[in-house]
Amino acid sequence: MVKIENVVGSGSLGVEFDLESVSADLGSIAEYDPDKYPGMYLRFDEDAPLITVYRTGKYIITGEDSKDEAYSTRKKFLHHLAENGMISTPADDRFQIQNIVCTADLERSLNLNALAIGLGLEKTEYEPEQFPGLIYRSPDFDSVILLFASGRVVITGSPDLDSAEQTFSILSHEIADILNIN
DNA sequence: TAGTGTGTTTCTTATATAGGTCGTATCC
DNA sequence: GGATACGACCTATATAAGAAACACACTA
């Protein structure tokens, strides 16, 4: 079972913003400190996902746990800008999901040293002194996989859930083969 | 050598994972 | 004061974005 933990999407509104005045107009939902970072942060609620808006009109949505919710947040964001007269509607913002972070569980503990050898040393990085997880990069996948001794798995870099599920399925079979051989 | 131009790196945000370290709090 | 417990934060991964700070190459 692959579960989405974070979705990152980006778009471009094709208009330039004066972030100083935009943040002043939007009030408490906006946070802008150009000395700290050139982007303006926008959050509709305390636990809501974060929207980072740039001077060029480009923006990033992070912190959603599904693709649909990311699109829903984008819709709310565009509606809010239109309501405040900052953009015209309908806006063609070329919004795209860029990255999905997923977790999964192999439901068995793993010997990461053995797994690094089995999966191929050229495709894996495992330095437990530096980081407790094994990093697996296969040319067969779009994404990068982090494997932990507990059997928990993090899949990151996927453009969609189908791709992450496919990656996890292939990985599960590869690991099963390795463990059966050993 | 100084100035300019280009390219690279770092910063920030979200999120899971887990081991290690560090600081703070509580108890004896 | 010492021991233990707990939380926070660091490490790494992907991804977008813009700006600043660098490093390096080239020309005058």
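A brief report on the enclosed structure follows. Values in this document were obtained by computation on a predicted structure and should not be read as measured data. (Residues numbered from 1 in each chain as written. Chains lettered and ligands numbered in written order. Predicted model: local features only at pLDDT ≥ 70, side-chain atom pairs only at ≥ 80, totals over all residues. Heavy atoms only, no water.)

1. Brief notes about unusual backbone geometry
(1) Moving on: A positive phi angle, near 55°, is found at Glu-107, a position not held by glycine.
(2) Moving on: Turning to its location among the elements, Glu-107 is positioned in the loop between β6 (96-105) and α3 (112-119). (Helix = DSSP H or I, 4+ residues; strand = E, 2+ residues; numbered from the N terminus.)

2. Section: the protein's contact with DNA strand C
(1) Moving on: Lining the immediate environment of DNA strand C, one finds 21 residues, of which Tyr-37, Tyr-54, Arg-55, Thr-56 and Thr-156 sit closest.
(2) Moving on: The sugar-phosphate backbone supplies 62% of the atoms of DNA strand C found within 4 Å of the protein.
(3) Moving on: Where the surface near DNA strand C is concerned, the elements lending two or more residues are β1 (3-12), β5 (58-64), β6, β8 (134-137), β9 (144-147) and β10 (152-158).
(4) Moving on: For the surface near DNA strand C, the leading source of residues is β6, giving three residues.
(5) Moving on: Each residue belonging to the surface near DNA strand C can be placed in one class, and the counts come to 10 nonpolar, seven polar and four charged. (Near = heavy atom within 4 Å. Nonpolar A, V, L, I, M, F, W, Y, C, P; charged D, E, K, R; others polar.)

3. Considerations on the protein's contact with DNA strand B
(1) Moving on: The environment of DNA strand B is formed by 18 residues, the closest being Tyr-37, Pro-132, Phe-148, Ser-150 and Arg-152.
(2) Moving on: The sugar-phosphate share of atoms of DNA strand B within 4 Å of the protein amounts to 69%.
(3) Moving on: Side-chain polar atom of Tyr-37 to a base oxygen of DNA strand B: 2.9 Å apart, as the coordinates give it.
(4) Moving on: For DNA strand B, a sugar or linking oxygen lies 3.4 Å from a polar atom in the side chain of Thr-62.
(5) Moving on: When residues of the surface near DNA strand B are assigned to their parent elements, the largest contribution, three residues, is made by β1.
(6) Moving on: Among the residues forming the surface near DNA strand B, the class breakdown is nine nonpolar, five polar and four charged. (Polar contact = N/O pair within 3.5 Å; in protein donor to acceptor, adjacent residues only side chain to side chain.)

4. Regarding the nonpolar core
Generally speaking, a soluble globular protein has its nonpolar side chains buried in company with each other.
(1) Moving on: One finds Phe-17, Phe-77, Leu-115, Leu-147 and Val-153 to be the most contacted residues of the largest nonpolar core, which totals 46 residues.
(2) Moving on: When neighbours within four sequence positions are excluded, Phe-77 is seen to be in contact with Leu-13, Leu-42, Phe-44, Ile-51, Val-53 and Tyr-59. (Core = buried A, V, L, I, M, F, W, Y, C linked by side-chain atoms within 4.5 Å. Buried < 20%, exposed > 50% of the residue type's maximum accessible area, 1.4 Å probe, protein only. Contact = heavy atoms within 4.5 Å.)

Take it as geometry only, folks, not as evidence of what the structure does.
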